[in-house]
Structure formats: C-alpha cells, structure tokens
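Observations on the three-dimensional arrangement
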Amino acid sequence: MRSIPVPVRERILQLYEQGKSTREIAAFSGFCVAAVRRVRQQFKTRGTLKPQTHLCGRKSLLTAARQARLQRLVSKEPDATLAELGARLDRPFGPSTVDVWLRRLGLSCKKNAARRRAVSVLPIFF
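My aim in this report is to walk through the structure given alongside it, one point at a time. The model shown is predicted, which means the values in this text are computed figures rather than measured ones.

Secondary structure assignment for the protein chain yields 6 helices and 2 strands. Helices and strands in the protein chain line up, N terminus first, as α-α-α-α-α-α-β-β. The burial tally for the protein chain puts 27% of its 126 residues in the buried class. A separation threshold of at least 6 residues defines the contact pool for the protein chain, and within that pool the share at least 24 residues apart is 42%.

What follows is the structure, given as structure tokens:
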C-alpha cells in the first residue's frame, strides 16, 4: 500500500482548516475516509506530514554483545560449523541465522570438500 503524497496531505489539512468535513475531503482527494482522518491525527501527534517509514519490522537479534561473542568464537575456532557456532552463543541459534550474521560481519563459510557440512569461516576481501 502506497502512502499519501506530502502535497496531498498538505491539501487535506488546508481543507480541514476551511471547515470541510472528513467525507467531503475524502471524496475530493480520492482516498478513503479513514486515510484522510489518519493524516490529520498523525499530524497532531507527530507534528509532521512526512509518511512514517522504517519503523516496522522485526528487530535484529544480533546485538553488540552477540556480535562480539560470535567474532571471538570464530577467531578461536575458524573451522567450527555454523551449527556449532549457533549452539555456543548465549542462546541457541540455527545455522541459517548464524550464516546471515557472519555475512553481515564480512565473514564467509568455505565448504570442506571431504565433509560437505563442515565449514571454515574466512574473511571476505573485496
């Protein structure tokens, strides 16, 4: 769902100031009554007409403490598997999560030809 453009939001507030009803403004702007009402409410609470973005979604579980612990684990045992690294953190994490975190830290896993599941963590150089 796309947000209402800022110029339209400004026009909605102008129409409210002129004494127009929410239904009239909704009919004029082409948006639903709830969206028009929300523009006014958000302006009152936030004080800005800019759309609210990037405040939703799940927070990362990779805290600074876990990041430091993961880096220490990798430096001590660079040939540990992703499952082993995940089990040694403050709480167990799956191999896919550990893989994502290692990539964020600039580390990659190199598969061992003899044993496909074994990985060694190597720094990525560009």
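Picking up after the structure, the text goes on.
Turning our attention to the nonpolar core. Formed by 14 residues in total, the largest nonpolar core has its most connected members in Leu70, Leu85, Leu89, Val98, Trp101 and Leu102. Looking at this core, the elements with two or more residues in it are helix H4 (64-76), helix H5 (82-87) and helix H6 (95-104). Residues contacting valine 98, with those up to four places away along its chain left out, are Leu70, Leu82, Leu85, Gly86 and Phe93.

The periodicity of an α-helix, 3.6 residues per turn, causes residues three or four positions apart to be oriented the same way. Regarding helix H2 (residues 22-29), the residues found buried are Thr22, Ile25 and Ala26. The buried residues of H2 occupy one face: seen down the axis, they fall within an arc of 100 degrees. Residues of H2 that are exposed and point over 90 degrees away from its buried face: Arg23, Ala27 and Phe28. Just downstream of H2, glycine 30 is the residue with a positive phi angle, here 90 degrees.

The next thing to look at is the packing of aromatic side chains. Applying the stated criterion across every chain, the model contains 1 aromatic pair. In this structure, arginine 40 packs its charged tip against the face of tyrosine 16, placed 4.2 Å from the ring centre.

Next up on the list: the pattern of salt bridges. It is possible for side chains of opposite charge to pair when their charged atoms get near one another. Applying the stated rule across the entire model yields 3 salt bridges. When the shortest N-O distance is used, the salt bridge between aspartate 90 and arginine 66 registers 2.9 Å. Taken together, the residues aspartate 90 in the loop between H5 and H6 and arginine 66 in helix H4 connect sequence positions 24 residues apart. Residue aspartate 90 is classed as exposed on the basis of its relative accessible area, which comes to 57%. Assessed through its relative accessible area of 13%, arginine 66 is described here as buried. Note that arginine 103 is salt-bridged to aspartate 99, the shortest N-O span being 3.4 Å. Residue arginine 103 and its partner aspartate 99 are both found in helix H6; the two are separated by 4 residues, about one turn of the helix.

A few words now on the packing of H4 against H6. Between H4 and H6, the least distance of the axes is 11 Å, while the angle of their chain directions is 90 degrees. The pairing of H4 with H6 is recorded here as roughly perpendicular in orientation. Contacts between H4 and H6 pair Arg66, Leu70 and Val74 from the former with Val98, Trp101 and Leu102 from the latter. Among the residues forming the contact of H4 with H6, the class breakdown is 5 nonpolar, no polar and 1 charged.

Okay, the environment of serine 29 next. Mapping serine 29 onto the fold places it in helix H2. Using a relative accessible area of 22% as the deciding quantity, one classes serine 29 as partly exposed. Residues serine 29 and arginine 9, 20 residues apart in the sequence, show an inter-C-alpha distance of 9.5 Å. For serine 29, the side chain forms a polar contact with the main-chain nitrogen of phenylalanine 31, separated by 3.5 Å.

Calculation notes
Residues numbered from 1 in each chain as written. Predicted model: local features only at pLDDT ≥ 70, side-chain atom pairs only at ≥ 80, totals over all residues. Heavy atoms only, no water. Helix = DSSP H or I, 4+ residues; strand = E, 2+ residues; numbered from the N terminus. Buried < 20%, exposed > 50% of the residue type's maximum accessible area, 1.4 Å probe, protein only. Contact = heavy atoms within 4.5 Å. Core = buried A, V, L, I, M, F, W, Y, C linked by side-chain atoms within 4.5 Å. Arc of directions from axis to C-beta. Phe/Tyr/Trp six-rings, centres within 6.5 Å; stacked < 30°, edge-to-face > 60°. Lys NZ or Arg CZ within 6 Å of the ring centre and 35° of its normal. Salt bridge = Lys/Arg side-chain N within 4 Å of Asp/Glu carboxyl O. Axes fitted to C-alpha atoms, helices over the stretch in contact; angles between N-to-C directions. Parallel < 35°, antiparallel > 145°, perpendicular 65-115°, else oblique. Nonpolar A, V, L, I, M, F, W, Y, C, P; charged D, E, K, R; others polar. Polar contact = N/O pair within 3.5 Å; in protein donor to acceptor, adjacent residues only side chain to side chain.

In short, the description is geometric, and any link to function would need to be established separately.
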